[in-house]
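Architecture at a glance
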Amino acid sequence: MTNNNPIGVFDSGIGGTSIWKAIHNLLPNEKTIYLADSKNAPYGQRTKEEIVALSKKNVDFLLEMNCKLIVVACNTATTNAILELRADYDIPFIGIEPAIKPAANNSKTQVIGILATKGTLNSELFNKTAEMFQNTKIIEQVGYGLVQLIEDGNLNSPEMTQLLESYLQPMIDANIDYLVLGCSHYPYLIPQIKKILPKHIHIIDSGEAVARQTQNILREKVGFTDLEKSDPVFYVNSNPEVLKSILDYKYPVTEKDF
Ligand code: DGL
């Protein structure tokens, strides 16, 4: 089964490129279209209804481009809207959820930390998953302000360091041995986070798991491309410079209202 249509990927902004990179590394021949809804970021403080409406708008745009599969590269959109998307559209969706399972299963201290948006931590989907790990203490922290600083291109600002220290120190004090990054923007903060966390604390995100799941769904249901090579396409509806820089200026970025 061959399918040369593109894989669509969207996020509230530039963070989902951390997921896109994992997909592109694993499936370099696949054509990909990435949508950064930076104009409406952050999603994390929005209501569920708003997140569902924004997610549908992004999906409509990607479907106009004939995407064969859509990756919701945003924990907030997945935990608030993926059931609605699956109910309304006849196309496979792959979502991204905080990797609590591998953290809880491997934790020796039985205490893990999770940093995510308010929208993710308050969602029913996240809370259902968290309830499955009754033997593990999960320290939840909303990453207030982090997404906005990343979207504004202030990754390495003193304000970022201060916020991260204030969010992580209580987790260190509580003896976590795993930190789950529950937002696709946060992998870009790993260098700063490593400066704060003691070395024995593992940091995990969901990028590679999502890429493997994408590969499985293509194999089982949708079909791989037989193209030798495809150039990825990026759309953003505000502040294109930050997206270009997070992609190391390697790919063209189109600014477009959607
Ligand atoms: N990157 C997103 C996530 O994974 C959303 C951040 C936001 O827009 O608040 O949750």
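So, here's what we can say about the structure. (Residues numbered from 1 in each chain as written. Predicted model: local features only at pLDDT ≥ 70, side-chain atom pairs only at ≥ 80, totals over all residues. Heavy atoms only, no water.)

**A short note on the overall build of the protein chain**
Heads up, the rule is: Helix and strand definitions here come from DSSP, where helices need a minimum of 4 consecutive H or I residues and strands a minimum of 2 consecutive E residues; each element is numbered from the N-terminal end. With C-alpha atoms as the basis for the radius of gyration, the globule rule is written as 2.2 Å multiplied by the number of residues raised to the power 0.38. Residue burial is assigned from relative accessible area. The probe radius is 1.4 Å, only protein chains are included, and a residue is buried under 20% of its type maximum, exposed over 50%, and partly exposed in between. The Shrake-Rupley method, run with a 1.4 Å probe, gives the accessible areas here. Residue values count only the displayed protein chains as cover. Charge counting treats Lys and Arg as positive and Asp and Glu as negative, with His and both chain ends excluded. For this purpose, a charge sits on NZ of Lys, CZ of Arg, CG of Asp or CD of Glu.
When you go through the protein chain residue by residue, the secondary structure sums to 11 helices and 10 strands. Over its C-alpha trace the protein chain gives a radius of gyration of 18 Å, about what one expects of a compact globule, namely 18 Å for 258 residues. Taken over the C-alpha atoms alone, the protein chain extends approximately 50 × 35 × 35 Å along its principal axes. Across the 258 residues in the protein chain, those meeting the buried criterion constitute 56%. About 11700 Å² of surface is accessible on the protein chain, with carbon and sulfur atoms providing 47% of the total. Each charge class in the protein chain can be summarised by its mean position, and for the 24 positive and 30 negative side chains these summaries are 4 Å apart.

**Notes on the sheet that holds strand 5 (residues 111-116)**
Defined as follows: Here, any two strands with at least 2 DSSP bridges between them count as paired. Think of each axis as a best-fit line through the C-alpha atoms, taken over the contacting stretch in the case of a helix, with angles from 0 to 180 degrees between the N-to-C directions. Note on contacts: a residue pair is in contact if any heavy atoms of the two residues lie within 4.5 Å.
Strand order in the open sheet made by the four strands is 6-5-7-8, with parallel pairing throughout. At either end of the open sheet lies a strand with only one pairing partner, and these are strand 6 (137-142) and strand 8 (202-204). Taken over all neighbouring pairs, the strand axes of this sheet differ in orientation by 20° on average, direction set aside. Here four bridges tie strand 5 to strand 7 (residues 178-181), and the two strands are oriented parallel to one another. Bridge pairing in strand 7 places Gly-113 opposite Leu-179. Contacts from helix 8 (residues 158-173) reach strand 5, strand 6 and strand 7, with the element oriented near 160° to strand 5.

**Points about the layout of surface pockets**
Note the cut-off: Every definition here rests on a 1 Å grid over the protein atoms only: cavities are sets of points where a 1.4 Å probe fits but cannot get out, pockets are open sets enclosed by protein on both sides within 12 Å along at least five of seven lines, and lining residues have some atom within 4 Å of a point. Grid points are joined across faces, edges and corners, and a volume is the space filled by probe spheres set on the points. All amino acids are sorted into three groups, where Ala, Val, Leu, Ile, Met, Phe, Trp, Tyr, Cys and Pro are nonpolar, Asp, Glu, Lys and Arg are charged, and the leftover types, Gly among them, are polar.
Quantified by volume, the largest pocket comes out at close to 330 Å³. Around the largest pocket, the lining comprises 19 residues; the ones closest to its centre are Glu-97, Pro-98, Ala-99, Ser-206 and Ala-209. Looking at the lining of the largest pocket residue by residue, the class counts come to 11 nonpolar, four polar and four charged. Of the volumes computed, that of the second largest pocket is approximately 240 Å³. The wall of the second largest pocket is formed by 16 residues, among which Ser-18, Ala-22, Pro-187, Asp-205 and Gly-207 lie closest to the centre. Only helix 1 (17-26) and helix 10 (207-222) provide two or more residues apiece to the lining of the second largest pocket. Top contributing element to the lining of the second largest pocket by residue count: helix 1, with five residues.

**Thoughts on the site of the ligand**
In plain terms, the rule: Throughout, near means a residue has at least one heavy atom within 4 Å of the molecule or strand. We call two N or O atoms a polar contact when they sit within 3.5 Å, provided that within protein one can donate a hydrogen and the other can accept it, with sequence-adjacent residues counted only if both atoms are side-chain atoms.
If you check the shell around the ligand, you find 13 residues, and the closest are Ser-12, Tyr-43, Thr-76, Ser-184 and His-185. Within the side chain of Ser-12, one N or O atom sits 2.6 Å away from an oxygen atom of the ligand. One of the side-chain N or O atoms of His-185 is found 2.7 Å from a nitrogen atom in the ligand. When the ligand is considered free in solution it has 300 Å² of accessible area, and contact with the protein chains removes 99% of it.

**Overview of the packing of helix 2 (residues 48-64) against helix 3 (residues 75-88)**
Stated formally: Note on angle classes: values under 35 degrees are labelled roughly parallel, values over 145 roughly antiparallel, values of 65 to 115 roughly perpendicular, and the remainder oblique. Put simply, a crossing is left-handed when the front helix is turned counterclockwise from the back one by less than a right angle, and right-handed when it is turned clockwise.
The contact between helix 2 and helix 3 brings their axes to 9 Å, and the two run at 60°. With respect to their mutual orientation, helix 2 and helix 3 come out oblique. Of the two elements, helix 2 crosses helix 3, and the hand of that crossing is right-handed. Contacts between helix 2 and helix 3 involve Lys-48, Ile-51, Val-52, Ser-55, Lys-56 and Val-59 from the former and Thr-76, Ala-77, Asn-80, Ala-81, Glu-84, Leu-85 and Asp-88 from the latter. Split into classes, the residues belonging to the contact of helix 2 with helix 3 amount to six nonpolar, three polar and four charged.

**Here's the deal with the nonpolar core**
Counted only if it meets this: Buried residues of nine kinds, namely Ala, Val, Leu, Ile, Met, Phe, Trp, Tyr and Cys, make up a nonpolar core once their side-chain atoms join them within 4.5 Å.
Grouped together as the largest cluster of nonpolar side chains are 52 residues, with contacts concentrated most on Val-71, Leu-164, Leu-179 and Leu-243. With six residues, helix 8 is the single largest residue contributor to this core. Excluding its chain neighbours within four sequence positions, the residues that come into contact with Val-71 are Ile-7, Gly-8, Val-9, Phe-10, Ile-19, Ile-23, Ile-94, Val-210 and Thr-214.

**Description of the pairing of strand 9 (residues 233-236)**
Our working definition: For the handedness criterion, the strands are oriented away from the viewer, and a crossover whose path from the first strand over the helix to the second runs clockwise is classed as right-handed.
For strand 2 (residues 32-36) and strand 9, the ladder comprises four bridges, and the chain directions are parallel. Counted as the bridge partner of Ile-33 is Val-233 from strand 9. Bridge count between strand 9 and strand 10 (residues 253-255): three bridges; the pairing is parallel. Each bridged residue has a counterpart across the sheet, and for Val-236 the counterpart in strand 10 is Glu-255. For the crossover that starts at strand 9, traverses helix 11 (residues 240-246) and ends in the parallel strand 10, the hand is right-handed.

**Quick notes on empty space enclosed by the protein**
Here the structure, examined in full by the defined rule, presents one cavity of 30 Å³ or more. Each pocket or cavity is described by its volume, and for the largest cavity that value is around 40 Å³. Ser-12, Pro-42, Tyr-43, Gly-44, Cys-74, Thr-76, Thr-117, Val-147, Cys-183 and His-185 are the residues that line the largest cavity. For the lining of the largest cavity, a count of residues per class yields five nonpolar, five polar and no charged.

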